[in-house]
Structures are given as C-alpha cells and as structure tokens.
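Notes for the structure review
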Amino acid sequence: MKCEARWIEFQNVLVGVICSQVNADVMADSYHDVHDMLTKYWPQASSRPKLIGPDENPDSSFLEEFLPMVADIIDIVTLHIYTGYGLDKDLAGKITTGAYLDKYQHTLNPLVKIISEKVPKAEAWIGETAAAWHSGQMNTTNTFLSGFWYLVSMFEHLLVN
C-alpha cells in the first residue's frame, strides 16, 4: 500500500509544556534535520511533504530569531492564538465586547507581518485557536455566545489572507 504524505508538522507547544524556553538555534537545527530526512525520502521536491511548524503560542521575539534560520526550508508557519483565559470569571461578559473581539486582530496582525517579512514564501496558518485557553469556559465558549468571537476571528483571517 502506498501512502501519500502532504504535510509533516514538526513540534507542537514545546514552550511551557516540555520546557520553559526553547533556544531558536537548537530548534532550527532540528528543523534542518527533519528537512534533510524529507529530502532523503522524497528526493523530488514536487512530491515532498510540506514542512509545517512551529505551532507555538505567539512570541514575536522568538519568531524574529527562529524564522530567518529556517526560511529556506519551512513551507507553512503555524501559530496558536487564544484571546482569553477560560478561568476568567468575567469572560461571558467580555466575549462580545469590541475590545475583546479586537484582541484577536491585535495578536494576529503583528505575527503575520513577521512571517511575511522573515519567510515570504511560507503560508501562515493558525494551528489552534479559541476564544479562551485552558479548555475554554462552560456555558460561554461552548455556546452561541462564542459564535461572535468565531465569526470575527475568521474574518480577521480573511483580511490577512
């Protein structure tokens, strides 16, 4: 049986889960190792799976340092964007306010700018997103109320392409 691989995602949320800080040099070296393996097993670029990552919570200083080191090998840059905190007792009252809805755009736009400047050939994807991290909030992020946030965030994606 032949299996076609279209993408290979390397790494997902190392910072804060596996370690408190990831050295951009070390991570870039690992990406180059993965790229070397992809090139070895898929020598034809047209059939090679796209390399995706780093799929982290946004840290602009990390991206500024990391992305130039992988600019020639990474195809898709993925991020996690969460605008709120699931344990915020006032989340239900905040989630439909303009200020809360604007937080997504204010987080997304600078990161997309960094990606387009540092890795112009790469696509920018959102690997994970929600109105609140920490598994959201019962009766808020799992209801129609969260739909406003969802619509606004999807519109913001369209604006930045």
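Before going into details, it helps to say that this report is about the structure given with it. Note that the coordinates shown come from a computational prediction; the quantities given were computed from them, not determined experimentally.

**Focus on the overall build of the protein chain**
Assigned secondary structure in the protein chain consists of five helices and four strands. With the C-alpha coordinates aligned to their principal axes, the bounding extent of the protein chain is approximately 55 × 35 × 30 Å. Contacts spanning at least 24 positions in sequence make up 77% of the contacts within the protein chain whose residues lie at least 6 apart. By element, 57% of the accessible surface of the protein chain is carried by carbon and sulfur atoms, the whole surface being about 9,600 Å². In the protein chain, 11 positive and 20 negative side-chain charges are present, and the distance between their average locations comes to 5 Å.

**Re unusual backbone geometry**
The phi angle of most residues is negative, glycine excepted, and most peptide bonds adopt the trans form. With an omega dihedral of 0°, the bond running from Gly53 to Pro54 counts as a cis peptide bond. If you check the backbone angles, Asp55 has positive phi at about 55° while not being a glycine. You can see Asp55 is positioned in strand 2 (residues 50-56). Not every positive phi belongs to a glycine, and Asn139 is a case in point at roughly 65°. When its relative accessible area of 57% is taken as the criterion, Asn139 is described as exposed.

**What to know about the pairing of strand 2**
Judged by how many residues are buried, strand 2 sits mostly within the fold: six of seven residues are covered. Note: strand 1 (residues 7-9) against strand 2, three bridges, orientation parallel. Across the sheet, Ile8 pairs through a bridge with Leu51, a residue of strand 2. Judged from the four bridges that link them, strand 2 and strand 3 (residues 76-82) form a sheet pairing that is parallel.

**Notes on the packing of aromatic side chains**
Inspection of every chain in the model, using the stated rule, returns seven aromatic pairs. With a centroid separation of 6.0 Å and an interplanar angle of 70°, the aromatic rings of Trp7 and Trp125 are classed as edge-to-face. Residue Trp7 is located in strand 1, and its partner Trp125 is located in strand 4 (residues 123-130); the two are separated by 118 residues in the primary sequence. With relative accessibility at 45%, the residue Trp7 sits in the partly exposed group.

**Some thoughts on the side chain of His80**
Here His80 is to be found in strand 3. Owing to a relative accessible area of 1%, His80 belongs among the buried residues under this scheme. Polar contacts involving the side chain of His80 include one to the side chain of Asp55, which spans 3.0 Å.

**Quick notes on helix 5 (residues 145-160)**
Three or more residues of helix 5 are buried, namely Ser146, Trp149, Ser153 and Glu156. Down the axis, helix 5 shows its buried residues gathered within 80° of arc, on one side only. Projecting away from the buried face of helix 5 at angles above 90 degrees are the exposed residues Leu151, Leu158 and Leu159. Close packing links the buried residues of helix 5 with helix 4 (98-118) and strand 4.

**A word on the environment of Thr140**
With respect to the helices and strands, Thr140 occurs in the loop between strand 4 and helix 5. Considered as a pair, Thr140 and Gly93 are 47 residues apart in the sequence and their alpha carbons are 9.3 Å apart. Contacts of Thr140, omitting those with residues within four sequence positions, involve Leu91, Ala92, Ile95, Leu145 and Ser146. For Thr140, the side chain forms a polar contact with the side chain of Gln137, separated by 2.9 Å.

Parameters at a glance
Residues numbered from 1 in each chain as written. Predicted model: local features only at pLDDT ≥ 70, side-chain atom pairs only at ≥ 80, totals over all residues. Heavy atoms only, no water. Helix = DSSP H or I, 4+ residues; strand = E, 2+ residues; numbered from the N terminus. Contact = heavy atoms within 4.5 Å. Areas by Shrake-Rupley, 256 points an atom, 1.4 Å probe, with all protein chains shown as cover. Lys, Arg positive; Asp, Glu negative; His and termini not counted. Charge placed at Lys NZ, Arg CZ, Asp CG, Glu CD. Buried < 20%, exposed > 50% of the residue type's maximum accessible area, 1.4 Å probe, protein only. Pairing = 2+ DSSP bridges. Phe/Tyr/Trp six-rings, centres within 6.5 Å; stacked < 30°, edge-to-face > 60°. Polar contact = N/O pair within 3.5 Å; in protein donor to acceptor, adjacent residues only side chain to side chain. Arc of directions from axis to C-beta.

Structural measurements only, silent on function.
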